[in-house]
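Here is what each chain is made of, one letter per residue.
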Amino acid sequence: MNTYLNSALRAAAVGFAVLMTTGTASADPAAPLMTRDLAGIPGKEAVMLTVEMVPGQASKPHRHDANVFVYVLEGTLTMQVKGGAPVTLHPGDTYYESPTDVHTVSQNASKTEPAKFLVFIVKDKGAPVTRPVAAEEPR
């Protein structure tokens, strides 16, 4: 992977981590584990990363404009997309967000234990991993 692309992906992951947090986050909690162009699917790429949330940490509303797959590794999370019911996830549970979803709740459900989850994203090549949304933005 070239140096420019590697730097751009790292910046995107750090941006994802900053948007995800409203509390104190661990150092570089969303460094990409892997980024790959998808063979046979022009213009698309996959990004895999882990996110760690400190006890009680929550994100601000955001969207990914991508297919997002979440797998909980440790702890307990509460997730919700606009128009959907909140879901409590435990280790081994999965969650999905579509490219049109607005992620209204992403929170470590515990006030005492950290949470960690694996995220696999399929997105347009070069597009940001995440972006903030205004409260009134439609789904």
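Read on for a plain summary of the structure. Since the structure is predicted, the reported quantities are computational estimates derived from the model, not experimental observations.

So, the overall build of the protein chain
Regarding its fold elements, the protein chain presents 1 helix and 10 strands. Helices and strands appear in the protein chain in the N-to-C order α-β-β-β-β-β-β-β-β-β-β. Within the protein chain, the proportion of its 139 residues that are buried is 36%. Of the roughly 7,200 Å² of accessible surface on the protein chain, 60% is carried by carbon and sulfur atoms.

Details of the side chain of Thr-78
Residue position: Thr-78 is located in strand E5 (residues 77–81). Apart from the residues lying within four places of it in its own chain, the contact partners of Thr-78 are Pro-86, Val-87, Thr-88, Val-105, Ser-106, Gln-107 and Ala-109.

Observations concerning the pattern of salt bridges
Applying the stated criterion across every chain yields a total of 6 salt bridges. A salt bridge links Asp-124 to Lys-44; the nearest nitrogen and oxygen atoms lie 2.6 Å apart. Placement of the pair is Asp-124 in strand E9 (residues 115–124) and Lys-44 in strand E2 (residues 44–53), with a sequence separation of 80 residues. The partly exposed category is assigned to Asp-124, whose relative accessible area is 39%. Between Arg-63 and Asp-65 there is a salt bridge whose closest N-O contact spans 2.8 Å. Under the relative-accessibility criterion, Asp-65 is labelled partly exposed at 35%.

A look at the sheet that holds strand E1 (residues 32–37)
Strand order in the open sheet made by the 5 strands is E1-E2-E9-E4-E7, with antiparallel pairing throughout. The outermost strands of the open sheet, each flanked by one partner alone, are E1 and strand E7 (94–97). Along the sheet, successive strands turn relative to each other by an average axial angle of 15 degrees, direction set aside. Looking at chain direction, E2 and E9 are connected through 10 bridges and run antiparallel. Bridge pairing in E9 places Lys-44 opposite Asp-124.

Quick word on the nonpolar core
Residues Leu-77, Met-79, Phe-117, Val-119 and Ile-121 are the most contacted members of the largest nonpolar core, which totals 18 residues. Those residues in contact with Ile-121, other than ones at most four positions away along the chain, are Glu-45, Ala-46, Val-47, Ala-66, Asn-67, Val-68 and Val-129.

Some remarks on the environment of Val-102
Its location among the elements puts Val-102 in the loop between E7 and strand E8 (103–108). Separated by 37 residues in the primary sequence, Val-102 and Asp-65 have C-alpha atoms spaced 8.8 Å apart.

Digging into the environment of Lys-82
Within the fold, Lys-82 resides in the loop between E5 and strand E6 (87–89). Spatially, the C-alpha atoms of Lys-82 and Thr-100 are 9.9 Å apart, while their sequence positions differ by 18 residues.

Digging into the pairing of E5
The element E5 is extensively covered by neighbouring structure, given that 4 of its 5 residues are classed as buried. Between the end of E5 and the start of E6, which pair antiparallel, lie 5 residues, with Gly-83 showing a positive phi angle near 90 degrees. With 5 bridges joining them, E5 and E8 adopt antiparallel strand pairing. In the strand pairing of E8, Leu-77 is matched with Asn-108.

About the thresholds
- Residues numbered from 1 in each chain as written.
- Predicted model: local features only at pLDDT ≥ 70, side-chain atom pairs only at ≥ 80, totals over all residues.
- Heavy atoms only, no water.
- Helix = DSSP H or I, 4+ residues; strand = E, 2+ residues; numbered from the N terminus.
- Buried < 20%, exposed > 50% of the residue type's maximum accessible area, 1.4 Å probe, protein only.
- Areas by Shrake-Rupley, 256 points an atom, 1.4 Å probe, with all protein chains shown as cover.
- Contact = heavy atoms within 4.5 Å.
- Salt bridge = Lys/Arg side-chain N within 4 Å of Asp/Glu carboxyl O.
- Pairing = 2+ DSSP bridges.
- Axes fitted to C-alpha atoms, helices over the stretch in contact; angles between N-to-C directions.
- Core = buried A, V, L, I, M, F, W, Y, C linked by side-chain atoms within 4.5 Å.

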